[in-house]
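Survey of secondary and tertiary structure
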Amino acid sequence: MIRHLVLFRLNEGVERDDPRVVAGVEAFRALGGQIEELRFWECGWNISDRPIAYDFAINSAVEDPDALKRYLEHPAHQAGVALWREFATWVMADYEF
């Protein structure tokens, strides 16, 4: 299995209630039911007030590198990423477990 983790930081001046952010969150929340390669899917807002914390996180899992590739190329995933590019930056990690 491969864990796919993504941490998002909203751009300066962008708030959670910005309509673009709301649409981006809705798009990502829906992915768990749209992409069959996903074996595990969760996402949510950070609750920590630590200065190093990111704002939003995705924690997911797929079976293997081929499934990860299909997930990343899936049109629903690509549409969500396009939304987030407008208002956030992110870091990610993929690892086997």
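Refer to the preceding data block for the structure.
The structure reproduced in this document is the subject of the present report. (Residues numbered from 1 in each chain as written. Predicted model: local features only at pLDDT ≥ 70, side-chain atom pairs only at ≥ 80, totals over all residues. Heavy atoms only, no water.)

Moving on: the overall build of the protein chain. In terms of helices and strands, the protein chain carries three helices and four strands. Mapped in sequence order, the helices and strands of the protein chain form the string β-α-β-β-α-α-β. Computed over its C-alpha atoms, the radius of gyration of the protein chain comes to 13 Å, within 12% of the 13 Å expected for a compact globule of 97 residues. Each principal axis of the C-alpha atoms in the protein chain carries an extent, and together these give about 40 × 25 × 15 Å. Across the 97 residues in the protein chain, those meeting the buried criterion constitute 34%. The contacts in the protein chain between residues at least 6 apart in sequence include a share of 71% that link residues at least 24 apart. (Helix = DSSP H or I, 4+ residues; strand = E, 2+ residues; numbered from the N terminus. Rg over C-alpha atoms; globule rule 2.2 N^0.38 Å. Buried < 20%, exposed > 50% of the residue type's maximum accessible area, 1.4 Å probe, protein only. Contact = heavy atoms within 4.5 Å.)

If you look at the biggest cluster of nonpolar residues, it comprises 23 residues, and the most contacted ones within it are Phe28 and Trp84. Counting only elements with at least two residues in this core, the list comes to β1 (2-10), α1 (19-31), β3 (56-62), α2 (65-73) and α3 (75-85). Every residue in contact with Trp84, bar those within four places of it in the chain, is listed here: Phe8, Leu10, Gly24, Val25, Phe28, Phe56 and Trp90. (Core = buried A, V, L, I, M, F, W, Y, C linked by side-chain atoms within 4.5 Å.)

A separate point is α3. Every buried residue belonging to α3 is among Ala76, His77, Gly80, Val81 and Trp84, and all of these are buried. Down the axis of α3, the buried side of the element spans an arc of 135 degrees, and every buried residue falls inside it. In α3, those exposed residues whose orientation departs by more than 90 degrees from the buried face are Pro75 and Arg85. (Arc of directions from axis to C-beta.)

Look at α2 against α3: their axes get within 5 Å of each other, and the N-to-C directions meet at 55 degrees. In this view, α2 runs oblique relative to α3, as classed from their interaxial angle. Residue-level inspection shows Tyr71, Leu72 and Glu73 of α2 in contact with α3, the latter providing Pro75, His77 and Gln78. In terms of residue class, the contact of α2 with α3 is made up of three nonpolar, two polar and one charged. (Axes fitted to C-alpha atoms, helices over the stretch in contact; angles between N-to-C directions. Parallel < 35°, antiparallel > 145°, perpendicular 65-115°, else oblique. Nonpolar A, V, L, I, M, F, W, Y, C, P; charged D, E, K, R; others polar.)

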